[in-house]
Amino acid sequence: MAGPRVEVDGGLLEGGGQILRVSTALSCLLGLPLRVQKIRAGRSTPGLRPQHLSGLEMIRDLCAGQLEGADIGSTEITFTPEKIQGGSHTADTKTAGSVCLLLQVSLPCVLFAASPSELRLRGGTNAEMAPQIDYTATVFKPIAEKFGFKFNCDIKMRGYYPRGGGEVIVQVSPVKQLNPISITERGSVTKISGRAFVAGALPFKVAKEMAAAAVRCLRKEFRDLYVNIQPVQEPRDHAFGNGSGIIVVAETSTGCLLAGSALGKRGVNADKVGIDAAEMLLANLRHGGAVDEYLQDQLIIFMALANGVSRIKTGPVTLHTQTAIHFAEQLAKAKFTVKKSEEEGDASKDAYIIECQGIAMTNPNL
């Protein structure tokens, strides 16, 4: 199995945890021994953080591989993958490190396992610098399932910064191959729904204020559209610690889903949090893309593995997306092109078509 080690420079492009996630997932899937150097070299706290370490350990356990140099603060790791196992696996960041990022690294791998998997992911469910679990469940899941797989996502406990303590259980059945996707027609917005939450000691009126501010902001743009944002008090037995936040999701006539979200912070008033989420959604709608800026990079690895040509229409291509493309090309040898959208009506917009000839990865175990 083990050929020469593939060398990955952890300081390129996005230069952070995402390089680690994409490269270790592809290493695991393709059976490529890997060395990653200069991990998070440019960050204020360089090297591995707890959430990166728990992600690496999970990938190691998924394939009974060997992992060296994996300690907090380490800037170099080597990884030698073996066969991907199904079954039950736990990853615990022991911090507010994001469970959504743990899912990002593990999901592509377990799709090509020998049997169904159950992933117990522990950490932050609604954390800064990562998708919120509500985004994963309401936007990422239905779109990613277009590749021809299904997964179940059960939020057992919500966890917030700084204490974490959340738990999500994800069940996935393996597939033989992934289908290519085409998401290029945005269509018109048909409904906007959302959820504004408070947990722990925060008063319910904070959720109501976030929701009301977001609705006001969205109504200005969409006068005739039903905008339904539910304020929610998380039940005490389903939330660990204190937190607040909001997600708003637009659904379109062609089945596209685009979102905006924000988290409450000490000293930031609730109105501002609601408006930030609404404005993020509006920005994602203005550029004419059929996927939002947070979905772009999450789809790249699946496009690279799929059996055929995938196309997605995006707004401005993010650094995370450029990074995912770079490593999918380097490691998986998939071929990507990124072009400005030439379609009528896109001239004034910042819309792009990302196309990929996938490598038609086949599950050797099925």
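Residues numbered from 1 in each chain as written. Predicted model: local features only at pLDDT ≥ 70, side-chain atom pairs only at ≥ 80, totals over all residues. Heavy atoms only, no water.

## Thoughts on the overall build of the chain
Now for step 1: Across its full length, the chain carries eight helices and 17 strands.
Now for step 2: Since a compact globule built from 366 residues should have a radius of gyration of about 21 Å, the 20 Å found for the chain is in line with a globular shape.
Now for step 3: When the backbone C-alpha atoms are referred to their principal axes, the chain occupies close to 60 × 50 × 40 Å.
Now for step 4: Sequence-distant contacts in the chain: of pairs separated by 6 or more residues, those separated by 24 or more amount to 74%.
Now for step 5: For the chain, the exposed area adds up to about 15,000 Å²; of that, 51% sits on carbon and sulfur atoms.
Now for step 6: In the chain, the 40 positive side-chain charges and the 36 negative ones have mean positions that sit 3 Å from each other. (Helix = DSSP H or I, 4+ residues; strand = E, 2+ residues; numbered from the N terminus. Rg over C-alpha atoms; globule rule 2.2 N^0.38 Å. Contact = heavy atoms within 4.5 Å. Areas by Shrake-Rupley, 256 points an atom, 1.4 Å probe, with all protein chains shown as cover. Lys, Arg positive; Asp, Glu negative; His and termini not counted. Charge placed at Lys NZ, Arg CZ, Asp CG, Glu CD.)

## Some points on the UniProt feature "binding site: ATP" (unreviewed entry) in the chain
Now for step 1: UniProt feature "binding site: ATP" (unreviewed entry): in the numbering of this structure it lies at Gln-104, Tyr-294, Leu-295, Gln-296, Asp-297 and Gln-298. Spanning 195 residues, the named residues form one tight spatial group whose C-alpha atoms are at most 12.8 Å apart. Lining the largest cavity, from this annotated set, are Gln-104, Asp-297 and Gln-298.
Now for step 2: Topologically, Tyr-294 is positioned in helix α7 (residues 293-305).
Now for step 3: A relative accessible area of 38% places Tyr-294 in the partly exposed class.
Now for step 4: The residues touching Tyr-294, leaving out its near neighbours within four places in the chain, are Tyr-135 and Met-280. (UniProt positions renumbered as here; feature names shortened; annotations may be inferred. 1 Å grid on protein atoms, 1.4 Å probe; cavity = no way out; pocket = protein on both sides within 12 Å on 5 of 7 lines; lining within 4 Å. Buried < 20%, exposed > 50% of the residue type's maximum accessible area, 1.4 Å probe, protein only.)

## Looking at the sheet that holds strand β3 (residues 66-68)
Now for step 1: The mixed open sheet is built from four strands, whose spatial order is β1-β2-β4-β3. Looking at which strands have only one partner, the edges of the open sheet turn out to be β1 (6-9) and β3. Strand-to-strand, the axes of this sheet are offset by a mean angle of 15°, without reference to chain direction.
Now for step 2: Alignment of β1 against strand β2 (residues 34-37), held across four bridges, turns out to be parallel. Following the sheet pairing, Glu-7 is matched in β2 by Arg-35.
Now for step 3: Where helix α2 (residues 50-62) meets the sheet, its contacts fall on β3 and β4 (77-80), and the angle it forms with β3 comes to roughly 150°.
Now for step 4: On the sheet, helix α8 (residues 319-332) packs against β1 and β2 and is oriented at approximately 165° with respect to β1. (Pairing = 2+ DSSP bridges. Axes fitted to C-alpha atoms, helices over the stretch in contact; angles between N-to-C directions.)

## Looking at the domain arrangement of the chain
Now for step 1: You can read the domains of the chain as domain 1 (6-183 + 291-359) and domain 2 (189-287).
Now for step 2: Between the C-alpha centres of domain 1 and domain 2 the distance comes to 25 Å.
Now for step 3: The partner domain 2 presents 27 residues to the 30 residues of domain 1 that form the contact.
Now for step 4: Across the interface of domain 1 and domain 2, roughly 2,200 Å² is buried in total on both sides, 59% from carbon and sulfur atoms.
Now for step 5: When the buried surface of domain 1 facing domain 2 is broken down by residue, Gln-132, Arg-158 and Tyr-160 rank first, second and third, together holding 25% of it.
Now for step 6: The closest approach of N and O atoms between Glu-234 and Arg-158, which form a salt bridge, is 3.3 Å.
Now for step 7: Applying the counting criterion to the domain 1 and domain 2 interface returns eight residue pairs in polar contact (both at pLDDT 80 or more).
Now for step 8: Contributions of two or more residues to the side of domain 1 that touches domain 2 are made by α4 (133-144), β7 (151-159) and α7.
Now for step 9: With six residues, α4 is the largest single contributor of residues to the side of domain 1 that touches domain 2. (Domains from an automatic or database assignment. Buried area = accessible area lost by both parts, 1.4 Å probe. Salt bridge = Lys/Arg side-chain N within 4 Å of Asp/Glu carboxyl O. Polar contact = N/O pair within 3.5 Å; in protein donor to acceptor, adjacent residues only side chain to side chain.)

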